[in-house]
Structure formats: C-alpha cells, structure tokens
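What follows is each chain in one-letter form.
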Amino acid sequence: MKFSITTLFFVCAATCFAQDQKATVFGFPLFYYTPETGYGGGLVGAYSFYLNSEDSISPPSLLQAGFSYTENKQFTFYAPVQFFWDKRNWMAGAEVGIYDYSLLYFGENESQGLTGTTYEAEELKLRGNLQRRVYYAWYAGIRMWYDRASIFFPNENNQEPIIGNTYYSPGILVTHDRRDNVFYPSCGNLIELVAQQNFGSSTFTRYRADLRFYAPLSANIVWANQLFVDAVQGEAPFFLLPQLGGSKRFRGFYEGKLRANNAVMFQTELRGRIYRRWGAALFASAGNTTANFIDFNVPMKVSYGGGVRFMADRKKKLNLRLDVGAGDAKPLFYLSIGEAF
C-alpha cells in the first residue's frame, strides 16, 4: 500500500489496534498536503488473520484498505489483499484501486524538465494472481491485471483533451520464496519473475524480475537488498510504463518521475529494533530508466534516507512505516503499512 506524500502535515500518533491469538486489526488517520492536491485526509487500516487456525505453516493473510479525500475534491481508494493457505501450498493476491486525483508527469526519461506537467486522472485498477507450490519453495501461477483510465491534460486554450485507455493483461508468474516472515523478513530470499501480454487500446509485452535477499547481522539488525528490473516491448501508455519513485521503489523521487520502457533499480536497507515496539531503518537506492534496455548507458541516479517503525503486531512482525527519502529536488515523506520490500 502506498501514501507517497510531498509534505506530511500531521499524522495521529495514537494508532488504534486490537489483537487476539490469531487476528490483528489496526488503523490510523492521515492528514497531509501536496501542491497538486491541497490539504487532504483519510484513513488507512489492515486486518491480519489466518485462513485456518489449525494451519501452523502458512503465513498470516493480510487485508488492507485505505482512502483519502483532498481539498481539490480528489478521491482515492485501494484495497490490496494477500492470502496463504493449505500449509503454504497456495498463495493468492488481489487489489482494487479507484483513483480520481492529480499527478505530475515529467515525460519519458524526464523529457519535460524538472517541474513536470500537472494532469488529472480517473483510474480503475484490478489486480489478481494465484500460485501453487510446484517444487520445494518454487511456485507457479497466473496473473491478471485490468486497467481503465481517463487522463486529462490541460492545453493552452484551457481545453482538456481526454486520453482513454482500457487494458487486459494476463500473464504467468513464477516465485521462489524462502523468507522466514512475509511481513518482516530477517533471512532468506524472494525471486519473482513475471511475463504479461497486454491487450486493449494498444498491445505490448511486459517482463519483470524482482530479486530480494535478507541477512541477519545481529539479533536486532537485518540487512535487506532488492534488485528490480521492469521492461516493456510495444506501445505502452505512459501510465503503464515501468517507473521508479514512490513509497516502495526509489524513495526520495516523486512517484513516476523516472518513467520509460525500461527500469532498473537496486536498493539496500538496514533495519533494526530499538526499543520494544519501535525500530528504525537506513536505506539507499541506485537506478534509472531508459528507452532502450540494450544501450542502458544512462548515469545512475541515487537516493537515500531513513525512517522509524512501530510494530503493530509483535507476533506477526507487522510494522507501521514512516520514511523520509532524499535525492531529487526535496525530501519526500512516506507513511505506509509494512516494509518497502
């Protein structure tokens, strides 16, 4: 889940949560300000539970939901879910997102300069995947995405040209998962390989690789690493192009500022427990986007930062996360549930 915030106005520190032996529910209000949206507020919450109380092998499932409404009458709603069952032989995920908001478009490879162009977007996003264990820690399955978007770019005559797009994106998904904990891994690795074919207003193919490695440096410190590669072949609309920036990949850059046919990023993070439920993290990222993956000779951009953690559920190790990242024009704040990777 993401809340990529240009300026954090106020966050209520009193997080409400209740838990029993098997389930946890918590939430917190959010108030913020960005130049594109004005003042805004909303609510973010999560419910962590087990599909089968007698299954001691499957990780807990997670249901998240959040919404926000801004001074400029913009609305967002998203609800990602993640399920594990049958002694971790099956896992599935889904997400519903409804967005009516303003964003900045910087062009492909920042072709529109440092300030970008403000555009309005109305989007419906549906995501789903289902995987079955095929051998040891290897899983294979299917993925389906649906995207419908109307994009409004004001022009010099104050008219609003509409870019309308609808896409259906079936694909295959292969995963190798040896993490000791899905919410806060302290050792192990995760490999996720995706190939998708996109049909609709245009046709293109997407290939994605997400490689993660976790190592314990001490009883309270974890070293986490991620290599992320995303590439498309064909005519993809700008809002579905590979991109970097935001609360999960390349913190410190505006979400989608780095956008092109190909994206490569490496990030590393030190995570530590400080006192009881409180923890902290230091992170750094390097990467960039380019139109031609074969001639990937653009200079790497770098971002860095840190943050604090509050463990809402000690048993499942599910954190609330507040990060600040730098590397572009100004520091950016991110408030979310769960680790960035």
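Residues numbered from 1 in each chain as written. Predicted model: local features only at pLDDT ≥ 70, side-chain atom pairs only at ≥ 80, totals over all residues. Heavy atoms only, no water.

### Section: a nonpolar patch on the surface
- Together, V134, Y135, Y136, W138, V174, L193, L211, L227 and F266 line one region of the surface with nonpolar side chains, adding up to about 840 Å² of accessible area.
- Mapped onto the elements of the fold, Y136 is located in the loop between β9 (117-135) and β10 (138-152).
- Using a relative accessible area of 53% as the deciding quantity, one classes Y136 as exposed. (Patch = residues over 30% accessible without salt bridge, like charges linked within 9 Å, V, L, I, M, F, W, Y side chains within 5 Å. Areas by Shrake-Rupley, 256 points an atom, 1.4 Å probe, with all protein chains shown as cover. Salt bridge = Lys/Arg side-chain N within 4 Å of Asp/Glu carboxyl O. Helix = DSSP H or I, 4+ residues; strand = E, 2+ residues; numbered from the N terminus. Buried < 20%, exposed > 50% of the residue type's maximum accessible area, 1.4 Å probe, protein only.)

### Focus: the confidence of the model for the protein
- Looking at the protein as a whole, its pLDDT mean stands at 87, while 89% of the residues score no less than 70.
- Mean pLDDT in the protein bottoms out at strand β2 (residues 7-11), which sits at 40, and peaks at strand β13 (residues 204-216), which reaches 97.
- Counting contacts from residues 1-20, a segment whose pLDDT is below 50, to residues more than four positions away or on other chains yields 79 contacts. (pLDDT = per-residue confidence, 0-100. Contact = heavy atoms within 4.5 Å.)

### Focus: the pairing of strand β18 (residues 278-290)
- Examined bridge by bridge, strand β17 (residues 262-275) and β18 share 13 bridges and lie antiparallel to one another. If you follow G272 over to β18, its bridge partner there is A280.
- Turn length for the β17-β18 hairpin, with the two strands adjacent in sequence and antiparallel, is two residues, and the turn residue R276 shows positive phi of about 50 degrees.
- As paired elements, β18 and strand β19 (residues 301-313) share 10 bridges and run antiparallel to each other. Note on β19: the bridge partner recorded for G287 is K301. (Pairing = 2+ DSSP bridges.)

### Thoughts on the side chain of S61
- Looking at where S61 falls in the secondary structure, it is placed in strand β6 (residues 61-70).
- Separated by 3.2 Å, the side chain of S61 and the backbone nitrogen of F84 make a polar contact.
- Contacts of S61, omitting those with residues within four sequence positions, involve Y47, S48, F49, L51, Q82, F83 and F84. (Polar contact = N/O pair within 3.5 Å; in protein donor to acceptor, adjacent residues only side chain to side chain.)

### Regarding the nonpolar core
- Residues F26, Y119, I151, F238, F239, L320 and I337 are the most contacted members of the largest nonpolar core, which totals 35 residues.
- Setting aside chain neighbours within four positions, we find F238 in contact with Y105, Y119, I151, F153 and R259.
- Membership of the second largest hydrophobic core comes to seven residues, among which are L244, F253, L258 and M265. (Core = buried A, V, L, I, M, F, W, Y, C linked by side-chain atoms within 4.5 Å.)

### Some remarks on the packing of aromatic side chains
- Enumeration according to the criterion identifies 16 aromatic pairs in this entry.
- Ring geometry for Y146 versus Y168: centroids 5.2 Å apart, planes at 55 degrees, classification tilted. Here Y146 is found in strand β10, whereas its partner Y168 is found in strand β11 (residues 162-177), with 22 residues between them in sequence.
- The ring of F283 is capped by R251, whose NZ or CZ atom sits 3.8 Å from the centre of that ring. (Phe/Tyr/Trp six-rings, centres within 6.5 Å; stacked < 30°, edge-to-face > 60°. Lys NZ or Arg CZ within 6 Å of the ring centre and 35° of its normal.)

### Remarks on the side chain of T76
- Looking at the secondary structure, you find T76 in strand β7 (residues 75-85).
- Residue classification places T76 among the buried positions, given a relative accessible area of 15%.
- At 2.6 Å, the side chain of T76 forms a polar contact with the side chain of S68.
- Excluding its chain neighbours within four sequence positions, the residues that come into contact with T76 are G66, F67, S68, I98, Y99 and Y101.

### Considerations on the pairing of strand β5 (residues 38-49)
- Counting buried positions along β5 yields nine of 12 residues, so the element is predominantly enclosed.
- Sheet topology note: the β5/β6 ladder contains 10 bridges and is antiparallel. Directly across from F49, in β6, lies its bridge partner S61.

### Here we look at the environment of D177
- If you trace the backbone, D177 turns up in strand β11.
- A C-alpha to C-alpha distance of 8.3 Å links D177 and E192, two positions 15 residues apart in sequence.
- Side-chain polar atoms of D177 contact the side chain of R179, separated by 2.9 Å.

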